[in-house]
Amino acid sequence: MTKFQPPGAPPAATAGPGADEAGTVPLTERQLALLHRHRAHPHDASSNQVFAIDLRGPLDDTELRSALARLIARHPLLSARLAPGPDGPDGPDGPPRLHLDPARTPRLERRTATGHPPTEDEAGQELDLEHTGVLRTVLVAHGPAHHTLLLVMHRLVADGECAGLLLADLLDAYEHGENPAAAPRAFIAHTTAPTPRAIPDNPAAANSPGHPHEPGHPAAPQTLPVTPRQHALLLDALAHHGTGRYVEQLFWHWHGPLDTGRFTTAWQSVFDRETVLRAAFDWNHEPRVVLHDQVTADVVHHRAGTLDWDDLLHQDRLRGFDLRAPGLLRATLLDDPRPTDDTPTGDTRATGDPRATGDTERATSTRVLITFHHALLDHWSVSVLLQEFYRAYLADGLLPGSERRPDIRDYAHWLARQDTAPARAFWSAATGPATPTTRPALPGPATGQTGWGRAQARLSRAESGRLRRWAAARAATESSMLQAVWALLLYRTGGAHGPAPVGFGVSVSGRGIALDAVERLPGLLMNALPVIVRIDPDHSMPRLLAQLRDQALDMAAYEWVSTAQIHEWSGRGADEKLLDSLIVFENRPRTSPALDAALAAHDIRISPPQTLGLHSAFPITLLASPGTDGGLLLTAVHDRTRISDTDAGRLVGLCARLLRELPSTHDESTTIADIVAALPEADLPRMTDDTAVGLL
């Protein structure tokens with residue numbers, strides 16, 4: 001369970017008298033400013049925040065009320081009502097105060113679902129701060145086994161930074177309850193919450209807060225401030241715990257002998273060497289990264305035929321991680337069944353053959369699954385760690401040397417020294433005042449689907465080579481081509497007829513910074529940056545490519561800035577999106593020929609790792625992976641509640657089609673209008689709306 005602090009509140013507001021029991025507390029200057037705005041514009045509901053929790057299955061009404069009561073007992077400020085000062089409005093203590101009554105459970109209002117999203121129906125209703133208080137709870141019934149719980153809160157007591165912590169506490173109180181043996185209750189399908197603000201521009205450098213070290217007591221672990229990127233990810237992950245959000249998976253085939261003991265020892269050696277693998281999070285007071293001295297590597301080996309691969313992937317993702325505990329990376333091994341007489345040697349597909357022996361040393365191949373949390377690691381980091389692991393495995397499991405630097409401590413120091421003023425000026429200009437089209441599909445009905453899906457399309461070696469040559473002749477890359485094609489689809493689905501801006505995200509490594517050996521630094525440096533580009537239908541494709549290329553060069557100097565900071569600097573409101581999709585062109589370190597040769601000397605061959613895609617706040621992520629055959633694989637990882645499997649397939653298929661056809665266009669005589677005109681509306685994908693806003 002966690003505690004939160006109101007905007008601008010001193011510690012006494014959460015820990016002193018009046019916060020842990022009934023009483024009153026004074027308003028801070030920031031709260032008084034919010035109250036003044038509320039009274040000056042009584043019908044402006046922008047001071048309200050709506051948290052939505054989707055409940056599926058039988059609803060335990062008594063337990064839900066009990067969970068709300070426990071939430072308020074844990075966070076008494078949620079029981080606050082506005083009261084005049086003790087000496088009246090004109091006395092020395094005249095300013096209003098917050099009256100706390102944590103024993104008071106808010107009335108659970110009930111609604112029947114309408115045609116509008118429930119958050120829209122409730123967000124616009126004014127809160128009666130003097131009588132109802134700072135919190136309303138509304139239960140919206142969609143059917144006998146489907147409800148939405150809405151918490152409407154005033155920003156006097158909770159801003160976006162608290163969103164994930166509050167939801168995590170409420171979900172914990174409801175799902176575990178006071179009577180675990182009771183009948184099954186509704187499960188949490190998903191939650192939505194306001195996007196948190198970025199933490200201050202220049203976080204303090206690393207320190208060891210808490211209590212000074214005393215003889216006879218172990219020293220407190222060293223801590224670091226979370227980065228703005230981590231801050232947003234952490235809160236969003238807490239708001240969606242149990243869903244697999246930000247849990248990443250990477251797998252490959254290990255052909256040849258595999259010594260499980262040496263495999264485990266090698267990973268332990270990497271854990272001992274790399275600080276990031278011994279890190280965890282703490283958010284009791286403010287979110288921080290906690291660096292532990294020791295952690296045991298989590299490695300599990302399953303024999304062939306004991307588990308279904310797809311079930312393993314699904315359950316492993318949903319298992320997630322305890323973000324408070326170090327070791328946010330684990331390895332799972334699953335032996336492939338031995339080939340039957342009619343299966344060619346080297347075919348590593350699982351056949352489910354019950355005759356498989358599962359003998360580790362004799363298995364034809366083993367699938368290796370690496371699971372990690374994106375709040376600490378990115379794919380670039382894991383590629384670096386894998387090379388360290390292979391070196392350790394080849395050295396009988398022992399990695400020579402002590403802790404390697406630079407590490408995440410050095411990155412935290414570097415980030416704290418950065419002057420954000422130039423970055424603020426750049427991104428304020430780059431985002432512009434106009435509202436961009438961000439949805440890569442036409443508005444559509446509800447999908448009727450749940451979970452996450454993957455849709456794929458492939459360019460052959462010949463098609464990919466032709467595309468690369470065409471792009472290179474125009475000083476562009478395949479990545480630029482993919483961005484240009486995505487921009488065209490956004491423009492087409494936006495329905496504009498003249499010049500108009502479109503917005504999408506691009507993934508950058510975050511390692512183009514002036515920090516020695518940063519390319520070997522494992523940690524969360526990879527970032528998602530918004531690209532806002534103005535599409536003019538009268539311009540040519542090469543002109544659009546040049547525009548994207550120049551913008552990428554300008555962005556490179558500020559790729560360490562988080563999307564939440566950029567959104568704040570753009571001056572937009574929380575409901576104004578800069579991007580709704582992300583493009584990831586895979587670019588990470590690969591094993592060297594020398595390392596491949598060293599493995600081969602031990603009769604070991606490693607297939608190229610495959611990523612399964614990140615389930616994030618973006619409903620669509622387009623992954624582009626260069627194939628081993630020289631082709632290009634496009635994968636759309638999509639939220640099936642927003643875009644169906646069929647429409648995701650249509651979307652990725654259109655991308656592949658445009659990439660194949662563009663090399664046939666005439667540079668200056670073919671305009672963007674000509675290209676998008678060849679995309680009839682019947683071929684365009686559909687996508688349902690969503691009220692949740694993500695700034696990650």
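All of these numbers come straight from a predicted model, not from anything done at the bench.

**Digging into the side chain of Ser607**
- The residue Ser607 is located in the loop between strand 21 (605-606) and strand 22 (610-611) in this model.
- A distance of 2.8 Å separates the side chain of Ser607 from the backbone nitrogen of His253, its partner in a polar contact.

**Looking at the sheet that holds strand 19 (residues 527-535)**
- In space, the six strands of this open sheet follow the order 17-24-23-20-18-19, with mixed pairing throughout. Edge positions in the open sheet fall to strand 17 (452-459) and strand 19, since each of these has one partner strand only. Each strand axis lies, on average, 25° off the axis of its neighbour in the sheet, ignoring direction.
- By the bridge criterion, nine bridges tie strand 18 (residues 500-508) to strand 19 in an arrangement that is antiparallel. Bridging across to strand 19, Ser507 finds its partner in Ala528.
- Contacts from helix 12 (residues 461-472) reach strand 17 and strand 24 (632-639) within the one sheet, and its direction differs from that of strand 17 by about 80°.

**A look at the pairing of strand 24**
- Most of strand 24 sits inside the fold, with eight of its eight residues counted as buried.
- Taking every second residue as pointing to the same face, both faces of strand 24 are buried, with Leu632, Leu634, Ala636 and His638 on one and Leu633, Thr635, Val637 and Asp639 on the other.
- Where strand 17 and strand 24 come together, eight bridges link them in antiparallel fashion. Counted as the bridge partner of Arg458 is Leu633 from strand 24.
- Here seven bridges tie strand 23 (residues 620-626) to strand 24, and the two strands are oriented antiparallel to one another. Following the sheet pairing, Ser625 is matched in strand 24 by Leu633.

**Some points on the confidence of the model for the protein chain**
- Taken over all residues, the pLDDT of the protein chain has a mean of 79, while the share at 70 or more is 77%.
- Averaged pLDDT values for the elements of the protein chain fall to 32 in helix 1 (residues 12-15) and rise to 96 in strand 15 (residues 365-373).
- Scored below 50 in pLDDT, residues 691-695 shows 16 contacts in the model against residues more than four places distant or in partner chains.

Calculation rules
- Residues numbered from 1 in each chain as written.
- Predicted model: local features only at pLDDT ≥ 70, side-chain atom pairs only at ≥ 80, totals over all residues.
- Heavy atoms only, no water.
- Helix = DSSP H or I, 4+ residues; strand = E, 2+ residues; numbered from the N terminus.
- Polar contact = N/O pair within 3.5 Å; in protein donor to acceptor, adjacent residues only side chain to side chain.
- Pairing = 2+ DSSP bridges.
- Axes fitted to C-alpha atoms, helices over the stretch in contact; angles between N-to-C directions.
- Contact = heavy atoms within 4.5 Å.
- Buried < 20%, exposed > 50% of the residue type's maximum accessible area, 1.4 Å probe, protein only.
- pLDDT = per-residue confidence, 0-100.

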